[in-house]
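# Tertiary structure, described
Chain by chain, the residues:
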Protein chains: 2
Amino acid sequence: MSRTDAALAHLDAHLDAAMSRWMEWLRIPSVSAQPAHAADCRRAAEHARADLASMGFTAEVRETAGHPVVLASHPGPGTGKPGPRLLYYGHYDVQPADPLELWTSPPFEPVVVEGKNGKRVVARGAVDDKGQVSMWLAAFRAWYETTGTMPCPITVLIEGEEEVGSLNLAPFVIAHKKELAADIVVVSDTGMWDIDTPALTTSLRGLCYVEVKLTAANRDLHSGVYGGEALNPINALTRALGAIRDAKGRILVPGFYDNIRDISPRKANQWASLGFDEHEFLGDIGLSVPVGEQDRTPLERLWARPTCDINGIWGGYMGPGSKTVIPSEAFAKISFRLVPGQDPARVVENFKAFMHANVPADAKLDFTIFGLGEGLEIPTDSRFLAAAEKALAAEYGKPALLIGSGGSIPVVETFRKELGLDSVLMGFGLDDDQVHSPNEKFDLRCFHKGARSHIRLLGELAP
Amino acid sequence: MSRTDAALAHLDAHLDAAMSRWMEWLRIPSVSAQPAHAADCRRAAEHARADLASMGFTAEVRETAGHPVVLASHPGPGTGKPGPRLLYYGHYDVQPADPLELWTSPPFEPVVVEGKNGKRVVARGAVDDKGQVSMWLAAFRAWYETTGTMPCPITVLIEGEEEVGSLNLAPFVIAHKKELAADIVVVSDTGMWDIDTPALTTSLRGLCYVEVKLTAANRDLHSGVYGGEALNPINALTRALGAIRDAKGRILVPGFYDNIRDISPRKANQWASLGFDEHEFLGDIGLSVPVGEQDRTPLERLWARPTCDINGIWGGYMGPGSKTVIPSEAFAKISFRLVPGQDPARVVENFKAFMHANVPADAKLDFTIFGLGEGLEIPTDSRFLAAAEKALAAEYGKPALLIGSGGSIPVVETFRKELGLDSVLMGFGLDDDQVHSPNEKFDLRCFHKGARSHIRLLGELAP
């Protein structure tokens, strides 16, 4: 029996224990966006630290200007050739759980229920990213318990601010370049093509996130007394935000599309061959008509073209019934998904100028930036990607697809820029996982085969 | 000495007693919005009933589905020609007093303090509407004590739900048309031009109030996974609402301006002569540029032109920091102030059609209507308005201004529609009375001269 087979057998025999550790982690409401959960974030970090320490890692919870990170390292077997140095990255923080009333079970009391693919775990963070991190932690344990060590030198970095823009991670990475030195980064925070078809993600969109506050009068006003004369900040805000996109889905912020390259013909052919069913994709969420640029293919719109989404808006009277108020302020949160070529700082500046140009003279605008991440492309010809393709093919009995992702993992760009490292993005989420939504879930089959794939990847990379 | 002069002299000699009755009424916290004050509302009704009964009125507290009303009648002198039948309307209920900490004295312990116009009474309801009703009750008493009767047949209707929408008043009026039969309604719930310049309000704007719910996907979505393909309800709602008004302040809902007549040249001249200072009006609230139709005068925009204000909006993530959600729903509350000629039901239908035409095919729209009131113009050539003009000119030594109001008094429309009656809106409030705010006050000079004006009006109308 090979070392990999022994580790696989160990995982299969101890799957319940791996699930228990994962579900225990899910019970900690580590919502990074909400200050009230700061202590929970620290508890979630400590949970991961203890798990790593119990597998022979030197593991610490390290401070940042925000929520702490977990930093751990294992020297590997220490005999013979050391093998490549692997940096595993993940995050222990989760999105807020609201709206709570739409959850069928409490978001921080994970439950195992039956779904169309068999058992699934339902909880906030079930997949994103505690579930996916728990897969590679389970793979480490299988290797540790069967060999007493790790097959390669491994460093682990688990942060607590991914869901709020990873603002403090880049400074941490820059300040700890030596400890984080490695040959490749491994990340599980992406998805499969479908439950039977593994995928490796080779492009990611970046993200700018901006909150806008529009202030009009110096106090709330009665719309009977002032209506017709006084600036209404909600009217002004909707007018400016409503002008961002034209009827053909094109974003009208000046300079927004500057320096974007079209995808390569090779990639275009590859994506065309995927047989993406837009009708089914939209039908699953109750929609039928795509909203993005009409002259692009669906996968371009999702993976290779930038977007603008208003993620939140509020102002004035939001209670039952009617109140004839002209409020003094209105607010919105706006995010742009970016693709390679776009400069996040310039996008934000252009957006600010666009807003100033589209509100009346009396409107005062304040902007708060919550994130600035570039779009990213990963080379498809590295030996690490080849190892991951081999591991996935062995586990699933068919080749992994090389896909794009519309989401953002800003830290991947940080690793490239600051440490000179590419990333292998090997994730096991599914489209119906309800990431960031009520009733987030992770199918047990994905978790199990994901952990097995990670065991195989370590076997492929071991010297 | 004429009967009017005798009544005026009696009021002057007994002003303290009139003030005492008024202040005693103010001590009853008749807050209609708060169920805990239901008994206080009934006490306030009983206070008015007893006052009217002591002046020879047949006076009763009558039940409605909500707080009771006071209904009282006096047959008039009963000899000679009866004179016109007058229906006095007012309300005994008041707005909640919070925020309590901003009051300089307890809101239901009225005090007399010195202000820039001499003595004033400070209390919740000081002017709105107990103070203004107390003026005409004092006028009745002066006539009663000097003549033993009323100069005309008088009916009094004092309701207790004006501050919560008068929902039970129209059914009461419809059910008691015979008892309420009259020739004219007299209302004191409006304002003067300034403390030296009386005013009669001859136009009121109506109000349509609509809540819109826009539903897109069947659940909240991750903007990384779905951005570019999935309809975002906030983007769609802001796009549609943002298209309501053009850059020149004109409302683009089709048919919105149908059947609106321009104000008469006489009214235009009158309003032009008022010397309204738009710069000061806007400067007081921290603004400088009017938002309504640019080709209209400020007073037209405030009194004679319809508006559209978004009074509330909400959707998606409204907490601290960032959440990259594409929500499934977004909401807004929109109100239109209407002017004579506009049909509220048609405005709402046209607005619905406008919204449907301005959202993508996948957007589902739901509308909830919270109010449909027409704009109203009071004929300026009636003998009743002429009598009020004469009374005010005699009291103030200068003619009353005929002004508009941008707000709505729905009951005035109810009287017109159900009883076929016009109203004389003769009010004595000032802009700085802090109506609905902490430290509501009524200047004693306004109260005294207001009561004297009501005595004179009765004298003008008496046969």
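Residues numbered from 1 in each chain as written. Chains lettered and ligands numbered in written order. Predicted model: local features only at pLDDT ≥ 70, side-chain atom pairs only at ≥ 80, totals over all residues.

## Things to note about the sheet that holds strand β13 (residues 329-338) of chain B
The line we're drawing: At least two bridges found by DSSP between two strands is the condition for calling them paired. Counting from the N terminus, the helices are DSSP H or I runs at least four residues long and the strands are E runs at least two residues long. A fitted line through C-alpha atoms represents every axis, and for helices the fit uses only the stretch in contact; the resulting angles, taken between N-to-C directions, go from 0 to 180 degrees. Contact definition: two residues whose C-beta atoms, as placed from backbone geometry, lie within 7 Å.
The sheet built from eight strands is open, its strands ordered β14(A)-β9(A)-β13(A)-β11(A)-β11(B)-β13(B)-β9(B)-β14(B) with antiparallel pairing. Of all strands in the sheet, those with a lone pairing partner are β14 (364-373) of chain A together with β14 (364-373) of chain B, marking the two edges. Pairwise comparison of adjacent strand axes, ignoring direction, gives a mean angle of 20° for this sheet. The pairing of strand β9 (residues 206-215) of chain B with β13(B) spans ten bridges and is classified as antiparallel. Residue pairing across strands places Gly206(B) opposite Leu338(B), the latter belonging to β13(B). Strands in contact with helix α11 (residues 344-357) of chain A are β9 (206-215), β13 (329-338) and β14 of chain A; relative to β14(A), the strand with the most contacts, it is inclined by about 160°.

## Let's talk about unusual backbone geometry
Condition: Neighbour counting defines burial: a residue surrounded by 20 or more other C-beta atoms within 10 Å of its own C-beta is buried, one with 12 or fewer is exposed, and intermediate counts give partly exposed, using backbone-placed C-beta atoms.
Between Asp128(A) and Asp129(A) the backbone carries a cis peptide bond, its omega angle lying at 0°. Following the sequence through the fold, Asp129(A) ends up in the loop between β5 (118-122) and α4 (130-147). Here Asn259(A), not a glycine, exhibits a phi torsion of approximately 70°, which is positive. Looking at where Asn259(A) falls in the secondary structure, it is placed in the loop between α7 (233-242) and α8 (265-272). A residue is classified by how many C-beta atoms lie within 10 Å of it, and Asn259(A), with 11 of them, is exposed. Positive phi outside glycine occurs at His436(B), with the angle close to 70°. Looking at the secondary structure, you find His436(B) in the loop between β17 (423-426) and β18 (441-443).

## Focus: the interface of chain A and chain B
Filter applied, for reference: Under the convention adopted here, Pro, Cys and the residues Ala, Val, Leu, Ile, Met, Phe, Trp and Tyr are nonpolar, Asp, Glu, Lys and Arg are charged, and Gly plus all remaining residues are polar.
Each partner contributes to the interface: chain A provides 79 residues, whereas chain B provides 71 residues. At nine residues, the largest contribution of residues to the side of chain A that touches chain B is made by strand β11 (residues 307-316) of chain A. Of the residues in the side of chain A that touches chain B, the class split is 35 nonpolar, 32 polar and twelve charged. Bridge count for β11(A) against strand β11 (residues 307-316) of chain B is five bridges, and the pairing is antiparallel. Each bridged residue has a counterpart across the sheet, and for Gly312(A) the counterpart in β11(B) is Gly316(B).

## A look at the packing of helix α2 (residues 15-26) of chain B against helix α4 (residues 130-147) of chain B
Angle between the axes and distance between the axes are the two parameters that describe a pair of packed helices. All names here are of chain B. For clarity, the threshold we go by: Left-handed describes a crossing in which the near helix is turned anticlockwise from the far one by less than a right angle; the clockwise case is right-handed.
One way to put it is that α2 packs onto α4 with a least axis distance of 10 Å and a crossing angle of 145°. Pair α2 / α4 crosses with right-handed handedness. The residues of α4 that touch α2, namely those facing Ala18, Arg21, Trp22, Trp25 and Leu26, are Lys130, Gly131, Ser134 and Ala138. Here the residues of the contact of α2 with α4 are counted per class, giving five nonpolar, two polar and two charged.

## Remarks on helix α14 (residues 444-461) of chain A
Keep this limit in mind: In a helix, the anticipated span is given by 1.5 Å times the number of residues less one.
An ideal rise of 1.5 Å per residue puts 26 Å on 18 residues; α14(A) measures up with 26 Å between its terminal C-alpha atoms. Counting buried positions over the 18 residues of α14(A) gives 15, a clear majority of the element.

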